[in-house]
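Notes for the structure review
As a plain string of letters, each chain reads:
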Amino acid sequence: MEKNQKFKNNFIHIDFEPFLHLPIFEKENEIFNALKKHSVVLVSGATGSGKSTQLGKLALKHGFSKIAHTQPRRLAAQTLAYRVAQELNVNVGQGVGLSLRFIDQTSPNDFVTFLTDGLLLAKLNHNPLLKEYDLIILDEAHERSLNIDFLLAYFKILLRKRPHLKIIITSATIDLENFSKHFNNAPIIEVSGRLYPVRIHYLKEEPQKDILEVLIETLENIILKEGDILVFLPTEKYISDSLKSIKKNKNFLNVECLPLYARLPLQKQKRIFQKSLKKRIILATNVAETSITVPNIRFVVDLGLARIKRFHYHQRIERLPIEKISRSAAAQRLGRAGRVQSGECFRLYTEEDFNQRPAYNDSEILRSNLANVLLKIKSFQFNDLVHFPLLDSPEQRAWQSAEKTLIELDACDENGHLTALGKRFARLPIDVHLARILLDAQNLGVLKEALVLVAALSVAHFWQENQEKNNFEKKPTLTVENLNNKNDKKPFSQFIECLNIWKNLEDKKHHHLTPQKIAEWQDIHSQLTRLFVKESVNDWHH
């Protein structure tokens, strides 16, 4: 691309000059020429390549007018929407759209809309052909979440019905050959990154003391060096314990410590982007691995651990064990130290340990309860799973467990076909078990109360406390012993407590729910109520 090049259509003016140093521009013509010949193009963009911020803008230049750009996480989608809107000198919702659950800043005039992959998946319920888009950019595909894998399979089917639709699949680290084969040998275009040199440090031997003690010692050794520190921890509990240890330590008196994790309210997550006069330590889960650039990070400290969801088919129990991350995930974490300047990465494990780890994380679909996935697949009239083109197919016992669940809930008949009930379950934006609860509640005349409770159960980590008020202390679990305590005025049932909170939401003295949780609860309740008003009572019977 030539210097000073600008692009203008009837609606928007784009000045690319400030961004021409980004490596994505070197591959611009190759990417969009390939897109003229192929429905799908794979872009492997290393950290700092500009793929997330610039691809949508370049697509406008090359004639696309309605672009969906997905991200796995809300924070990344929101950050990118505001960043791109700023670069285009427009407001979010007036050219650049942002569509998240409970946030809709879109308009008919939007050229590019940033949204989570889960929200794009939800759109299929009422718009299975996704006709409002002429280009879909599926970003961070390496994360291989359930939503991403379902979309990858669905796109293959969708392209048969919409052959002129174009799809760009991007990631910093991706199993390129596997993705290419999935889309009939789609072209692969590799874009170099803009990483500064990063020096890697390993432990010489496995630590003999608690890993958090090793972390504090590591932080003490680098705290006087210039630049902020990003620490990767596996859970919120680790973050909480680390915060307490840092605050007690006199070596960190003039340091600002900020937590960052997925269920932290969005406004608190944004604090990491605000300027500070103090040196910072950001304590984060793997939410900080991709897409977002935490400013002024020079040091990364990586424990090499993450909480991974796994479903046990025999017991039909979902667990969240802490496991070692893959080499590709470790590379993503390392890259956070080299985004804005040269840096250092301290891996709190040995080099031998690193070399023995798998190259990539296994996809979520291989370790999850598939009942809801199977319900969604069957709702698209794919009773034979062989014809639903998943990138990785789970074991047969996983599908059998899922089908058994659907049969028990009367969502499927014995032949594996969706019942009328199952088709209605598929239209509800909740877990199939919760959908069944609503049906029975309606039959028993307690639908009003059940809608409140099911909406609460659909909110992740519903009992999350206001962290600032309670200093990261967990809400004590209500127990049966409360029944025998006549002086305890708390209800013995969290369900009853939940209903009481709903009746008195405005009175914050009686609960510590964050505003984000309340908004999410109210929104899901409104959605479910609207859906049940639409459906007649008789429609919900067999």
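Before reading on, note that the structure itself is shown above.
Residues numbered from 1 in each chain as written. Predicted model: local features only at pLDDT ≥ 70, side-chain atom pairs only at ≥ 80, totals over all residues. Heavy atoms only, no water.

1. Re the overall build of the chain
- Counting secondary structure elements, the chain contains 19 helices and 20 strands.
- Relative to its 542 residues, the chain shows a buried fraction of 54%.
- Sequence-distant contacts, at least 24 apart, represent 73% of the contacts inside the chain between residues at least 6 apart.
- Of the roughly 26300 Å² of accessible surface on the chain, a fraction of 49% belongs to carbon and sulfur atoms. (Helix = DSSP H or I, 4+ residues; strand = E, 2+ residues; numbered from the N terminus. Buried < 20%, exposed > 50% of the residue type's maximum accessible area, 1.4 Å probe, protein only. Contact = heavy atoms within 4.5 Å. Areas by Shrake-Rupley, 256 points an atom, 1.4 Å probe, with all protein chains shown as cover.)

2. What about the sheet that holds strand β9 (residues 166-171)?
- The strand order β6-β5-β7-β4-β8-β9-β3-β10 describes an open sheet built from 8 strands, whose pairing is mixed. On the outer flanks of this sheet lie β6 (103-105) and β10 (188-191), each paired with one strand and no other. Recorded for the sheet is a direction-independent mean angle of 20 degrees between the axes of neighbouring strands.
- Pairing analysis gives 4 bridges linking strand β8 (residues 135-138) to β9, with the strands arranged parallel. In the sheet register, Ile136 faces β9, and the bridge partner there is Ile167.
- Along the sheet, helix α3 (residues 74-88) makes contact with β4 (67-71), β5 (96-100), β6 and β7 (112-116), crossing β5 at roughly 170 degrees.
- Along the sheet, helix α5 (residues 146-161) contacts β3 (40-45), β8 and β9; its crossing angle with β8, the most-contacted strand, is approximately 155 degrees. (Pairing = 2+ DSSP bridges. Axes fitted to C-alpha atoms, helices over the stretch in contact; angles between N-to-C directions.)

3. Let's talk about the environment of Pro23
- Along the polypeptide, Pro23 turns up in the loop between β2 (13-15) and α1 (28-37).
- The spacing of Pro23 and Gly48 is 25 residues in sequence and 8.1 Å in space, taken between C-alpha atoms.

4. Concerning the nonpolar core
- Counting residues in each nonpolar core, the largest one holds 82 residues, and the members touching the most others are Ile136, Phe150, Phe155, Ile169, Leu438 and Trp521.
- Of all the elements, α5 adds the most residues to this core, at 11 residues.
- Not counting the four nearest positions on each side in its chain, Trp521 is found in contact with Val452, Ala455, Ala456, Val459, Phe462, Cys498, Ile501, Trp502, Leu505 and Leu513.
- Phe19, Leu230, Val294 and Cys345 belong to the second largest nonpolar core, which has 55 residues in total. (Core = buried A, V, L, I, M, F, W, Y, C linked by side-chain atoms within 4.5 Å.)

5. Considering the packing of helix α12 (residues 371-379) against helix α13 (residues 396-408)
- It is at 8 Å that the axes of α12 and α13 come closest, and there the two elements cross at 75 degrees. Judged by the inter-axis angle, α12 sits roughly perpendicular to α13. Contacts between α12 and α13 involve Ala371, Val373, Leu374, Leu375, Ile377 and Lys378 from the former and Trp399, Ala402, Glu403, Thr405 and Leu406 from the latter.
- Its residues assigned to classes, the contact of α12 with α13 comprises 8 nonpolar, 1 polar and 2 charged. (Parallel < 35°, antiparallel > 145°, perpendicular 65-115°, else oblique. Nonpolar A, V, L, I, M, F, W, Y, C, P; charged D, E, K, R; others polar.)

6. Re the pairing of strand β15 (residues 297-302)
- The buried fraction of β15 amounts to 5 of the 6 residues, a majority that puts the element mostly inside the structure.
- Judged from the 5 bridges that link them, strand β12 (residues 228-232) and β15 form a sheet pairing that is parallel. In the sheet register, Leu230 faces β15, and the bridge partner there is Val300.

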